[in-house]
Amino acid sequence: MKSAQSAQKFGPLPLLTLSLGLGGVGLYLRTLMLNGQQWAYSGLWVLTVVGIVLMAGICCFMGKRPKQERNFSASIPAAVAMFLGAGAVFSSFLILLLGATDAFNIALYTLGLVGSVAMGIQAGYQYKGKVSAPAVMVATLALAGGLLVRFRLWSKDPLLGDYCFQLFAGVLGMLAVFNLTGFAFDKGRRKITLFYSHAAIMLCLISLPDSGLENKLFYGGLALWLLAGCCTRKKPAAPRRKLGGGLVEEEQPEED
């Protein structure tokens, strides 16, 4: 039988390279597209599809590691980055709330502010190397609400290319945050969480050139939060097994 070490071919580093590298190229192509270079639109779709397929392939050969302690390490830099990302998302919803007049939108933007605070609370838990299930669930609901109110605006635009990358970034980001909940109960799905988070990071970077300060703050903040929170790359703690009598045996950790 194959060991967990021999079965795992890739660590998170190739995913990080793909999400940031292709996201940077996509950002450049999106800028060209918005400046009237129509050929960049086709190139952007090719880049996105290739990136998604490569990320999915890499994730298939990664270790599962469902337990919280095997995926999250206490990190002050990661906690600070997550807090800054949550602050950017909070600012985005605040700008939208100040300009809202519809009661439905006001309610969802207020939920977004609450969810942004929850993202900040999770940043505090990241400082301890842990996941707060309530905070992550509230953040997921807020992202879903933000996606809903944005889709109401997008549905009035007949040009799919104006908002498709923002839509995909929002959906994948929401799924990445939702899947963090499982780690709080040692039931995490590491492969799919890393896939959703890195794919969302790539698409958030592609969406940055789109108009509106609130959009730049939201997608930039979400990308930073996901990069620091969903995609831990530090060597995990060794799993421990109780032997009785207060003794604990540390097993050899998987290669990452």
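Please read all numbers here as calculations on a predicted model, not as lab measurements.

## Describing the nonpolar core
Phase 1: Leu-180, Trp-225 and Leu-226 are the most contacted members of the largest nonpolar core, which has 66 residues in total.
Phase 2: Here this core gets 11 residues from one element, more than from any other, and that element is helix α9 (residues 190-207).

## Side note on the packing of α9 against helix α10 (residues 213-229)
Phase 1: Between α9 and α10, the least distance of the axes is 9 Å, while the angle of their chain directions is 155°. Taken together, the axis directions place α9 and α10 in an arrangement best described as roughly antiparallel. Pair α9 / α10 crosses with left-handed handedness. Taken together, the residues of α10 that come into contact with α9 (itself represented by Ser-197, Ala-200, Ile-201, Cys-204 and Ser-207) are Tyr-219, Leu-222, Ala-223, Leu-226 and Leu-227.

## Overview of the packing of helix α4 (residues 76-98) against α10
Phase 1: Running from N to C, α4 and α10 point in directions that differ by 155°, and their axes come no closer than 7 Å. As the angle between them shows, α4 and α10 are arranged roughly antiparallel. Both α4 and α10 take part in a crossing whose hand is left-handed.
Phase 2: For the contact of α4 with α10, a count of residues per class yields 17 nonpolar, 5 polar and 1 charged.

## Brief notes about the environment of Ile-52
Phase 1: The residue Ile-52 is located in helix α3 (residues 39-60) in this model.
Phase 2: With relative accessibility at 23%, the residue Ile-52 sits in the partly exposed group.
Phase 3: Separated by 146 residues in sequence, Ile-52 and His-198 have C-alpha atoms that sit 9.1 Å apart.

## Let's talk about α9
Phase 1: For α9, built from 18 residues, the straight-helix expectation of 26 Å at 1.5 Å per residue is met to within 8% by its first-to-last C-alpha distance of 25 Å.
Phase 2: Taken across its 18 residues, α9 has 16 buried, putting it largely inside the fold.

## Let's talk about the packing of aromatic side chains
Phase 1: A full pass over the atoms with the stated rule returns 6 aromatic pairs.
Phase 2: Judged by centre distance (6.3 Å) and plane angle (85°), the ring pair of Tyr-41 and Trp-45 falls under edge-to-face. A residue pair is termed a helical-turn pair when its members lie 3 or 4 positions apart in one helix, as Tyr-41 and Trp-45 do in helix α3 at 4 residues.
Phase 3: Given the relative accessible area of 24%, Tyr-41 is considered partly exposed.

## A few points about the confidence of the model for the protein
Phase 1: Confidence in the prediction for the protein averages 82 pLDDT; 82% of positions are at 70 or higher.
Phase 2: The spread of mean pLDDT over the elements of the protein runs between helix α1 (residues 4-7), the lowest at 41, and α4, the highest at 93.
Phase 3: Counting contacts from residues 1-8, a segment whose pLDDT is below 50, to residues more than four positions away or on other chains yields 13 contacts.

## Here we look at the state of the cysteines
Phase 1: Following the criterion strictly, the structure yields 0 disulfides and no others.
Phase 2: Cys-59 takes part in no disulfide bond, and the closest cysteine sulfur, belonging to Cys-60, lies 7.3 Å away.

## Remarks on the environment of Ser-116
Phase 1: Relative to the assigned elements, Ser-116 resides in helix α5 (residues 103-127).
Phase 2: Considering only alpha carbons, one finds Ser-116 and Phe-90, 26 residues apart in sequence, at a separation of 5.1 Å.
Phase 3: Residue contacts for Ser-116: discarding those within four places in its chain leaves Ala-86, Val-89, Phe-90 and Phe-93.
Phase 4: Within the local environment of Ser-116, its side chain forms a polar contact with the backbone nitrogen of Phe-90, the two atoms lying 3.4 Å apart.
Phase 5: Reaching out from Ser-116, the side chain makes a polar contact with the backbone oxygen of Gly-112 at a distance of 2.7 Å.

Quick notes on the rules
Residues numbered from 1 in each chain as written. Predicted model: local features only at pLDDT ≥ 70, side-chain atom pairs only at ≥ 80, totals over all residues. Heavy atoms only, no water. Core = buried A, V, L, I, M, F, W, Y, C linked by side-chain atoms within 4.5 Å. Buried < 20%, exposed > 50% of the residue type's maximum accessible area, 1.4 Å probe, protein only. Helix = DSSP H or I, 4+ residues; strand = E, 2+ residues; numbered from the N terminus. Axes fitted to C-alpha atoms, helices over the stretch in contact; angles between N-to-C directions. Parallel < 35°, antiparallel > 145°, perpendicular 65-115°, else oblique. Left-handed = near helix turned anticlockwise from the far one by under 90°. Contact = heavy atoms within 4.5 Å. Nonpolar A, V, L, I, M, F, W, Y, C, P; charged D, E, K, R; others polar. Expected span 1.5 Å × (residues − 1). Phe/Tyr/Trp six-rings, centres within 6.5 Å; stacked < 30°, edge-to-face > 60°. pLDDT = per-residue confidence, 0-100. Disulfide = S-S within 2.5 Å. Polar contact = N/O pair within 3.5 Å; in protein donor to acceptor, adjacent residues only side chain to side chain.

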